[in-house]
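Working through the structure, step by step
Each chain is listed here by its residues.
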Amino acid sequence: MRIEDVYIWDINAKWLGITPYQLMENAGAGVARAIEERFGTGLKIAVFSGTGNNGGDGFVAARHLSFENNVTLFLIGDEARIRSEEARHNWEILKKLDFVKIKVLKDSSQIKPLDLSGFDVIVDALLGAGTKGEPREPIRSAVEKINEYAGKTKIVSVDLPSGYPSGIWVKADFAVTFQWDKEEYEGFERVIVKIGYPRELYHLVGPGDAKFALRKKGEHKGQNGKLLVIGGSEDYFGAPYLAAKAASYLVDLVYLAMPEYSARRINDPDVILRPFEGRNFGKKDVEDVLALAEGVDAVVIGPGIGTRAETKEFVLEFLRWCEKPVVIDADALKAVAEDLEAIKGRKFVLTPHAGEFRILFGKKPEGSLEEKAKLVMEKAKAVGGTVLLKGVYDIISDGNVWKYNKTGNRGMTTGGTGDVLAGLVGALLAFGNEPLRAASVGAFLNGMAGDMVKEEVGENFTALEIARKVPYAVKWVLEF
Ligand SMILES: NC(=O)C1=CN([C@@H]2O[C@H](COP(=O)(O)OP(=O)(O)OC[C@H]3O[C@@H](n4cnc5c(N)ncnc54)[C@H](O)[C@@H]3O)[C@@H](O)[C@H]2O)[C@H](O)CC1
Ligand SMILES: [K+]
């Protein structure tokens, strides 16, 4: 698990109703328990806290330890800078206690003369996951002061040694880290304590994933993604339009390549039409559509494209040559099912519903969520890409991990919601997201938009209304 996952989990935990207060209480209690299990009780303990949530964990640990130990808490920095509610709450509690001695040290000149030789254990709660760069004063002096006692006094770091991985960090006997080990951490012993996360957080897609997926890259036109949607046929023109419309709320530029016969039905300034002569895509169009794809960041191919033999040939030939990340949706899935080699080595997302999944992989997904997830993961690994199996719970896997999405409602069985979804996944690919995150967050936003429409109009609505709700779903995520 990476530090980025910590933030995603925290946000998703909050979305599930697990408050930062509960997490901090469990974190601090876990630190206290790990210390007493290792060193016993009746100890003289110095807790060094910073003004962030790492410091907050230290406040909680000090309170828990004070029950059977002699605790002094050193706040390094100005208490006015204690930012989060949960850290402030625990600071206010400490200030009401009499057995915990508190010393506020704002300046390195107050830290340098400190004599810590009377303590059995020093707890380092100065800096944690929020650290940026080398420790700055006065934290820096506190790190140096603590390191004077390395090897003599027991030193326990909260979450990770303060200053790690910069040039100067606390030489701790061990760090008490939360819920799981982090792959970035090395060079110090870790004791892992659980802080109340349910197992679902490994798999459930939430606003935490969406916040990371929606981070904008640049300020200038076009920097926030250009998408090409390829679809439509003599029978369908709505599907590719829906995909393009939905995507237009996220990326800067959306090109919509359609056979001229159906393209003439579209006139929406939000999408840049690129009509191709004729009624259906065929091999004659491969060169020109590839040329279009050169100018974008990601491609969606399939909505309404039809299943004619000439079109299947077009789809396969296009995919053999296109090097851009691509969402393969709807009828393009049927083409790919005939020759999975066409997408070998590519960056792609397949977006089948259960029936298309069976055509692609020869097996209908059934059974429990975990049984279906195992099958999706196995097939994603086999095909070498990301598979988004649409359903009441969408299941997404890149072959290594699996995610599931619970947003959405029965009203979304209406035609076209799959097209909106394909557009959103394509847009998130165009943002630069890896396929797994683009697919899982696309499913999340699609379902959230559908839930917002249902809130307003009940369960009978069209896919275009879902597309129009996309900006509201994005706003909700960014404000969460
Ligand atoms: N889900 C979990 O794992 C939980 C983790 N908890 C603890 O929260 C910290 C992360 O807290 P955060 O407030 O984001 O950051 P820090 O406390 O690590 O530090 C931020 C604080 O320090 C200042 N700062 C940043 N870099 C430096 C620097 N180089 N020198 C000096 N000062 C710096 C910054 O301005 C902030 O004021 C995590 O590690 C866990 O301990 C939750 O409490 C429980 C759930
Ligand atoms: K720390």
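- The name an unreviewed UniProt entry gives the protein is Bifunctional NAD(P)H-hydrate repair enzyme, with Thermococcus siculi as the organism.
- The Subunit (unreviewed entry) comment attached to the protein in UniProt states, word for word, "Homotetramer."

1. Let's talk about the site of ligand 1
- Asp10, Asp57, Gly128, Asp159 and Tyr197 are the nearest of the 25 residues found near ligand 1.
- Side-chain polar atom of tyrosine 7 to an oxygen atom of ligand 1: 3.4 Å apart, as the coordinates give it.
- Here aspartate 57 contributes a side-chain N or O atom positioned 2.5 Å from an oxygen atom of ligand 1.
- When ligand 1 sits alone it has 870 Å² of accessible area, and the protein chains cover 89% of it.
- Elements with a minimum of two residues in the shell around ligand 1: helix H1 (3-15), helix H2 (20-39) and helix H3 (53-65).
- In terms of residue class, the shell around ligand 1 is built from 10 nonpolar, eight polar and seven charged.

2. Considering the domain arrangement of the protein
- In terms of domain boundaries, the protein breaks down into domain 1 (3-198) and domain 2 (207-479).
- Taking only C-alpha atoms, the centre of domain 1 and the centre of domain 2 are 45 Å apart.
- Summing both partners gives a buried area of about 680 Å² for domain 1 against domain 2, and 71% of it is carried by carbon and sulfur.
- Per-residue buried area on domain 1 facing domain 2 is highest for Ile8, Ile11 and Trp15; these three make up 65% of the total on that side.
- If you look at where domain 1 meets domain 2, you find one salt bridge.
- For arginine 437, the salt bridge goes to glutamate 4, with nearest N and O atoms at 3.0 Å.
- Inspection of the domain 1/domain 2 interface yields three residue pairs in polar contact (both at pLDDT 80 or more).
- Residue composition of the side of domain 1 that touches domain 2, by class: four nonpolar, one polar and one charged.

3. Here's the deal with the coordination of the potassium ion (ligand 2)
- Taken together, the protein ligands of the potassium ion (ligand 2) are Asn54 (OD1), Asp124 (O), Leu127 (O), Val158 (O), Leu160 (O) and Ser162 (OG), with distances of 2.6 to 3.1 Å.
- One can describe the donor arrangement at the potassium ion (ligand 2) as irregular, given that its six donor atoms subtend angles of 70 to 175° at the metal.
- Counting the intervening residues between successive donors of the potassium ion (ligand 2) yields the motif N-x69-D-x2-L-x30-V-x1-L-x1-S. Taken together, the residues asparagine 54 in helix H3 and serine 162 in the loop between strand S5 (154-158) and strand S6 (174-178) connect sequence positions 108 residues apart.

4. Observations concerning a positive patch on the surface
- A cluster of like positive charges, contributed by Arg81, Arg83, Lys132 and Arg136, occupies part of the molecular surface.
- Summarising the element assignment, arginine 136 is placed in the loop between strand S4 (121-125) and helix H6 (139-147).

5. Digging into helix H8 (residues 238-248)
- Counting buried positions along H8 yields 10 of 11 residues, so the element is predominantly enclosed.
- Those residues of H8 that fall on the buried side of the exposure criterion are Ala239, Pro240, Tyr241, Leu242, Ala243, Ala244, Lys245, Ala246, Ala247 and Ser248.
- Looking at the packing, one finds that the buried side of H8 touches strand S8 (226-230), strand S9 (253-259), helix H15 (417-430) and helix H17 (463-479).

6. Focus: the sheet that holds strand S1 (residues 44-49)
- Strands sit in the order S3-S2-S1-S4-S5-S6-S7 across an open sheet of seven strands; the sheet is parallel. Here the strands that pair on one side only, and so sit at the sheet edges, are strand S3 (101-105) and strand S7 (190-193). Neighbour-to-neighbour, the strand axes of the sheet open up by a mean angle of 20°, direction not taken into account.
- Looking at chain direction, strand S2 (residues 70-76) and S3 are connected through five bridges and run parallel. Following the sheet pairing, leucine 75 is matched in S3 by valine 104.

The rules we used
Per-chain numbering applies: the sequence of each chain, read as written, is numbered from 1 onward. Numbering of ligands from 1 and lettering of chains from A proceed in the order in which they are written. For a predicted model such as this one, the threshold for reporting local features is a pLDDT of at least 70, and the threshold for listing and counting side-chain atom pairs is 80 or more; totals across whole chains, interfaces and linings nevertheless cover every residue. Side-chain calculation: all heavy atoms of the structure are included, whereas hydrogens and water are not. UniProt positions are given in the numbering used here, feature names are shortened, and annotations may be inferred rather than shown by experiment. When at least one non-hydrogen atom of a residue lies within 4 Å of a molecule or strand, that residue is treated as near it. Distance and chemistry together define a polar contact, namely a pair of N or O atoms within 3.5 Å, with one atom able to donate a hydrogen and the other to accept it when in protein, and with adjacent residues in sequence counting only for side-chain atoms on both sides. To be clear on the numbers: accessible area is Shrake-Rupley with a 1.4 Å probe, and residue cover counts the displayed protein chains and nothing else. Helix numbers and strand numbers start at the N terminus; a helix is a DSSP run of H or I with at least 4 residues, a strand a run of E with at least 2. Gly counts as polar in this scheme, as do all residues outside two lists: the nonpolar Ala, Val, Leu, Ile, Met, Phe, Trp, Tyr, Cys and Pro, and the charged Asp, Glu, Lys and Arg. Marked domain ranges trace back to an automatic or database domain assignment. As used here, buried area is the combined drop in accessible area, with a 1.4 Å probe, of two parts when they are placed together. Between Lys or Arg on one side and Asp or Glu on the other, a salt bridge is scored when a side-chain nitrogen of the former is within 4 Å of a carboxyl oxygen of the latter. Counted as donors are N, O and S atoms no farther than 2.8 Å from the metal, or 3.2 Å for Na, K and Ca; water is not among the atoms, and sites may therefore look incomplete. Geometry is assigned from the angles between donors: four donors with all angles from 85 to 135 degrees make a tetrahedral site, four or six donors whose opposite pairs exceed 155 degrees while the rest stay between 65 and 115 make square planar or octahedral sites respectively, and everything else is labelled irregular. What makes a patch is a set of residues exposed beyond 30% relative accessible area and free of salt bridges, joined within 9 Å when like-charged and within 5 Å when nonpolar (Val, Leu, Ile, Met, Phe, Trp, Tyr). Counted as positive: Lys and Arg. Counted as negative: Asp and Glu, with His and the chain ends omitted from the count. Where a charge sits is defined by one atom per residue type, namely NZ (Lys), CZ (Arg), CG (Asp) or CD (Glu). Each residue gets one of three labels from its accessible area relative to the maximum for its type: buried under 20%, exposed over 50%, partly exposed in between, using a 1.4 Å probe on protein chains only. Residues count as neighbours in contact if any of their non-hydrogen atoms are within 4.5 Å of one another. Two strands qualify as a pair provided that DSSP identifies no fewer than 2 bridges between them. Every axis corresponds to a line fitted to the C-alpha atoms, with the helix fit spanning only the stretch in contact, and the corresponding angles, defined between N-to-C directions, vary from 0 to 180 degrees.

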